[in-house]
Amino acid sequence: MSGVRSCMSKIKRIGILTGGGDCPGLNAVIRAVAKRSMFEHRWEVYGIEDGYEGLINNHYRKLKASDVSGILTIGGTILGTSNTADPYGYLTKSGGKIVCRDVSRRVIRNVRAMKLDALVLIGGDGTLATADRLYRSGLPIIGVPKTIDNDLGGTDVTFGFDTAVTVATEAIDRLHSTAQSHHRIMIVELMGRRAGWIALYAGVAGGGDIILIPEIPYTAEAVAAKVLARRKLGKRFSLVVIAEGAKPKGGEVVVKKRVANSPEPIRLGGVGFVLGEVLERLTGTEARCVVLGHLQRGGSPTAGDRVLATQLGAEAVNLIVRGEFGRMVAVRCREITSIALDVPAQGPRLVPPDHPLIAAARSVGTSFGDE
Ligand code: F6P
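Rules used in this analysis
- Residues numbered from 1 in each chain as written.
- Predicted model: local features only at pLDDT ≥ 70, side-chain atom pairs only at ≥ 80, totals over all residues.
- Heavy atoms only, no water.
- Helix = DSSP H or I, 4+ residues; strand = E, 2+ residues; numbered from the N terminus.
- Expected span 1.5 Å × (residues − 1).
- Buried < 20%, exposed > 50% of the residue type's maximum accessible area, 1.4 Å probe, protein only.
- Arc of directions from axis to C-beta.
- Contact = heavy atoms within 4.5 Å.
- Phe/Tyr/Trp six-rings, centres within 6.5 Å; stacked < 30°, edge-to-face > 60°.
- Lys NZ or Arg CZ within 6 Å of the ring centre and 35° of its normal.

Enquirer: What am I meant to see in helix α8 (residues 271-283) here?
Expert: An α-helix turns once every 3.6 residues. As a result, residues three or four positions apart point the same way. Between its first and last C-alpha atoms α8 spans 18 Å; for 13 residues at 1.5 Å apiece the expected length is 18 Å, and the two agree. Turning to α8, its buried residues number three or more, namely V271, G272, L275, G276, L279 and T283. Buried residues along α8 cover an arc of 130 degrees about the axis, so they all sit on one side. Residues of α8 that are exposed and point over 90 degrees away from its buried face: E277 and R281. Lining the buried residues of α8 we find β8 (185-190), β9 (210-212), α7 (220-232), β10 (238-243) and β13 (287-291).

Enquirer: Can you help me understand the side chain of T158 in this one?
Expert: Looking at the secondary structure, you find T158 in the loop between β7 (141-145) and α5 (161-182). The exposure class of T158 is buried, given its relative accessible area of 1%. Sequence-distant contacts of T158, that is, excluding residues within four places in its chain, are made with P145, K146, T147, N150, L152, D305 and L308.

Enquirer: Looking at this structure, how should I read the packing of aromatic side chains?
Expert: To describe a pair of aromatic rings, one takes the distance between the centres and the angle between the planes. Taken as a whole, this structure holds three aromatic pairs when the rule is applied. Residues W197 and Y201 carry aromatic rings whose centres are separated by 6.4 Å and whose planes lie at 45 degrees to one another, so their mutual orientation is tilted. Residue W197 and its partner Y201 are both found in helix α6 (residues 197-205); the two are separated by four residues, about one turn of the helix. On the basis of relative accessible area, W197 is assigned to the buried category, the value being 4%. Taking relative accessible area as the criterion, Y201 reaches 33% and is therefore assigned partly exposed. A cation sits over an aromatic face here: R133 above Y88, 3.7 Å from the ring centre. Here the basic side chain of R230 rests over the ring of F237, its NZ or CZ set 5.0 Å away from the ring centre.

Dropping the structure here:
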């Protein structure tokens with residue numbers, strides 16, 4: 001492999017940073033990277049605070065073994081994170097005005113001043129795209145992919161996804177009984193801007209009657225037809241599982257707000273409410289919508305996510321040992337491996353419309369709103 005060199009003897013000090021939205025399992029990765037570095041290799045480990053914000057403004061701390069002990073099961077990130085700080089477009093106030101500046105050279109200087117021999121960046125597509133640019137400018141970077149949405153290119157699965165699906169499934173289970181009691185349409189809106197992995201898996205696990213994902217545009221008429229068909233069969237309630245990025249055929253996503261100082265400025269939300277109103281009209285059935293939102297990202301990771309995060313963290317240290325910088329640990333065909341850091345930037349991993357789980361769901365009568 002090009003660029004591979006054994007550099008273990010040179011490594012003395014590494015840094016760890018978590019960027020972008022938080023995700024269950026971040027602490028498990030931090031713990032794996034830090035413990036292995038400290039105990040096996042005797043490296044010093046520095047925690048960069050609040051994502052790229054910490055690299056820009058020199059906010060970091062040396063981690064002790066006690067800092068990374070007891071964090072495996074804890075949600076969030078002990079280092080803090082930011083999904084707005086971007087070294088290549090950093091917003092600061094100057095003369096009463098907000099100005100956007102490229103501070104990447106400052107970041108490179110700061111990393112060199114910290115004498116970091118390797119930097120482990122744990123993040124989603126935005127964080128990793130920036131990581132790749134910094135690597136190309138000469139920083140010794142290893143990436144670890146994270147997102148509950150499970151839509152990062154280059155890896156078959158990301159930690160955090162299993163937890164999000166588990167939380168969402170439990171919510172759907174709970175909504176079932178209230179939908180049934182009131183003979184209502186219950187709509188549960190889940191995260192997933194571009195990809196419907198969470199809605200697909202939680203929808204199937206929770207027995208959703210209708211699952212709507214960004215990859216399969218729906219019509220309200222098809223959804224209403226499914227509700228009415230169920231009623232004919234004596235089922236007076238229906239459960240709709242919808243991803244926040246789902247859109248009607250020929251229509252647009254529902255934008256909740258725009259965050260000016262974010263690399264990903266559009267925040268979605270509310271498609272479930274919009275659909276609910278239309279369904280009430282088309283079916284004459286009362287509809288309620290629950291937006292699960294950040295509940296899917298918070299709290300303790302599942303056993304599966306703890307295991308995956310630990311494996312990925314341990315593998316990140318292997319890459320450092322082998323001097324394989326500019327790479328990201330990944331899961332391919334159930335194997336822990338690594339790929340070039342620029343792969344996620346090539347586009348999201350969407351749900352293929354012919355995915356076997358979609359076919360299985362259709363075969364048991366689940367509607368995807370496209371019939
Ligand atoms: O990428 C994960 C995700 O949870 C998306 O599904 C969601 O749209 C977004 O983050 C929301 O992020 P925040 O509210 O933290 O800006």
